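# Observations on the model geometry
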Amino acid sequence: MESKWYVLQVLSGHEKKVKRSLEENLKASSMQDFIEEVLVPTENVQEVKKGQQKITEKKLWPGYILIKMNLTDDSWAYVKNTNSVIDFLGDATPTALTETEVKEILQELEEKKKGVVQKHKFEIGDNVKITEGVFVNFIGTVTEINHEKGKISLLVSIFGRDTRVDDLEFWQVEQASPEELN
């Protein structure tokens, strides 16, 4: 029988531990012929913390991993009895991903491996709300973004006049909701 990809629900935060457990116990459990690959979908995220550039690995689907396996009663039991595994996705029985779904997911993961994503996705012209500092709760329009330093500049209306607020850190602002803009 041919191996297929399945989605496995695991305890959030335990994705890598489950992957390691499944892979390390393959030989001891004689499952190496049934389980081909275990994949934790991740991307690299860049952010600035305390003035320092940091790149961290972020899980794309917290609480879920992909597993390519030949599904039999024994392989199902092996996976299901691994610590921190909740269940396979599917109604009563595990549902395999379609070839199209697998192709799209693997292609997306390849794309994400090539680069680094910015944690804070602000663009010039975005309306944001200041959450920290002197101008807390003011709504402003992004005029400048410095990803290297993790800083952002805004135009804020104070007493009917546009005032430039510089050197806010990314964590000091958030996207403004439509209700806040009215």
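Structure: above.
Read on for an overview of the structure. (Residues numbered from 1 in each chain as written. Predicted model: local features only at pLDDT ≥ 70, side-chain atom pairs only at ≥ 80, totals over all residues. Heavy atoms only, no water.)

### A look at the layout of surface pockets
In this model, the largest pocket occupies a volume close to 190 Å³. Every residue lining the largest pocket is listed: K16, K19, V38, L39, V40, P41, T42, L106, L109, E110 and K113. Mapped onto the lining of the largest pocket, the elements with two or more residues apiece are α1 (15–24), β2 (35–39) and α3 (99–114). In terms of residue class, the lining of the largest pocket is built from 6 nonpolar, 1 polar and 4 charged. (1 Å grid on protein atoms, 1.4 Å probe; cavity = no way out; pocket = protein on both sides within 12 Å on 5 of 7 lines; lining within 4 Å. Points joined across faces, edges and corners; volume = space filled by probe spheres on them. Helix = DSSP H or I, 4+ residues; strand = E, 2+ residues; numbered from the N terminus. Nonpolar A, V, L, I, M, F, W, Y, C, P; charged D, E, K, R; others polar.)

### Observations concerning helix α2 (residues 73–80)
Among the residues making up α2, those that are buried are S75, Y78 and V79. Viewed end-on, α2 has its buried residues packed into an arc of 95°, placing them on one side of the element. The inward-facing, buried residues of α2 contact β1 (4–10), α1, β2, β5 (64–69) and β6 (85–88). (Buried < 20%, exposed > 50% of the residue type's maximum accessible area, 1.4 Å probe, protein only. Arc of directions from axis to C-beta. Contact = heavy atoms within 4.5 Å.)

### Points about α1
Within α1 the residues assigned to the buried category are E15, V18 and L22. Each buried residue of α1 lies within a common arc of 65° when the element is viewed along its axis, so the set occupies one face.

### A short note on the sheet that holds β2
Across the sheet, 4 strands lie side by side as β2-β5-β1-β6; this open sheet has antiparallel pairing. In the strand order of this sheet, the two ends are held by β2 and β6, each with one partner. On average, adjacent strands in this sheet sit at an angle of 30° to one another, irrespective of strand direction. (Pairing = 2+ DSSP bridges. Axes fitted to C-alpha atoms, helices over the stretch in contact; angles between N-to-C directions.)

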